[in-house]
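Notes for the structure review
This is what each chain is made of:
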Amino acid sequence: MRKADGTYMIHVDFRPPPSENKVVLNSYVSRWQKEIRTALPKFENGKLFRVDIYCGVDRFYIYQNNVHLGTTFEYRTGFKLSDIKRVDLHGGSNSFQWVDKRVIQL
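Now for a quick tour of the structure. (Residues numbered from 1 in each chain as written. Predicted model: local features only at pLDDT ≥ 70, side-chain atom pairs only at ≥ 80, totals over all residues. Heavy atoms only, no water.)

**Examining the overall build of the protein chain**
Here is the rule: In this description a helix means any DSSP run of H or I spanning at least four residues, a strand means any run of E spanning at least two, and both kinds are numbered starting from the N terminus. With C-alpha atoms as the basis for the radius of gyration, the globule rule is written as 2.2 Å multiplied by the number of residues raised to the power 0.38. The criterion used for residue contact is that any of the two residues' heavy atoms lie within 4.5 Å. With residues, only the protein chains shown are counted as cover, and all accessible areas are computed by Shrake-Rupley using a 1.4 Å probe. This count recognises Lys and Arg as positive and Asp and Glu as negative, with His and chain-terminal groups excluded. By convention, the charge on Lys lies at NZ, on Arg at CZ, on Asp at CG and on Glu at CD.
For the protein chain, the count of helices and strands is 0 helices and 9 strands. Tracing the protein chain from N to C terminus, the helices and strands come up as β-β-β-β-β-β-β-β-β. Relative to the 2.2 N^0.38 estimate, which gives 13 Å for 106 residues, the radius of gyration of the protein chain is 14 Å and therefore close to what a compact globule would have. When the backbone C-alpha atoms are referred to their principal axes, the protein chain occupies close to 40 × 30 × 25 Å. Sequence separation of at least 24 residues holds for 44% of the intrachain contacts in the protein chain that already meet a minimum separation of 6. Put simply, the protein chain shows about 7,400 Å² of open surface, and 48% of that area lies on carbon and sulfur atoms. The average position of the 17 basic charges and that of the 11 acidic charges among the side chains of the protein chain differ by 1 Å.

**Thoughts on the nonpolar core**
Going by this rule: Buried Ala, Val, Leu, Ile, Met, Phe, Trp, Tyr and Cys residues that are joined via side-chain atoms within 4.5 Å together make up what is termed a nonpolar core. Each residue gets one of three labels from its accessible area relative to the maximum for its type: buried under 20%, exposed over 50%, partly exposed in between, using a 1.4 Å probe on protein chains only.
In this structure, Met9, Ile10, Val23, Phe60 and Ile62 are the most contacted members of the largest nonpolar core, which totals 14 residues. Looking at this core, the elements with two or more residues in it are strand 2 (8-15), strand 3 (22-29), strand 7 (59-64) and strand 8 (67-74). For this core, the leading source of residues is strand 2, giving 3 residues. Ignoring any residue separated from it by four or fewer positions in sequence, one finds Ile10 in contact with Met1, Asn26, Phe60, Ile62 and Phe73.

**Considerations on the environment of Glu20**
Inspection of the secondary structure puts Glu20 in the loop between strand 2 and strand 3. As a C-alpha pair, Glu20 and Ala39 span 19 residues in sequence and 9.3 Å in three-dimensional space.

**Comments concerning the pairing of strand 6 (residues 51-55)**
A regular strand places its side chains so that they alternate between the two faces of the sheet. To keep it simple, the criterion reads: The rule for pairing is simple: two strands pair if DSSP sees at least two bridges between them.
Pairing between strand 6 and strand 7: 5 bridges, direction antiparallel. Looking at the pairing, Tyr54 lines up with Tyr61 of strand 7. In sequence, strand 6 turns back onto strand 7 through a hairpin of 3 residues.

Right under this line is the structure:
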């Protein structure tokens, strides 16, 4: 989720083996900020999976196939939800591929 100037309010990076076997959460304002890492959920090779990012009052909640990743990501200083102008999906690590993107405003 990005502001119009290209800074990232949240960046979610799935890093499967042989890389790190982690999900890395971060934001970008002039430079990458402090990363938060959590365990990578289990995936089945060739099977589609779903990622949901919910925007709470003061943090993001991330789910994979309706299971919470085990950590949240607080909004960083200088960001508010009304600043978000884009939601991007880029490639993937170690053969992960994004095939669909839906943005739903509740």
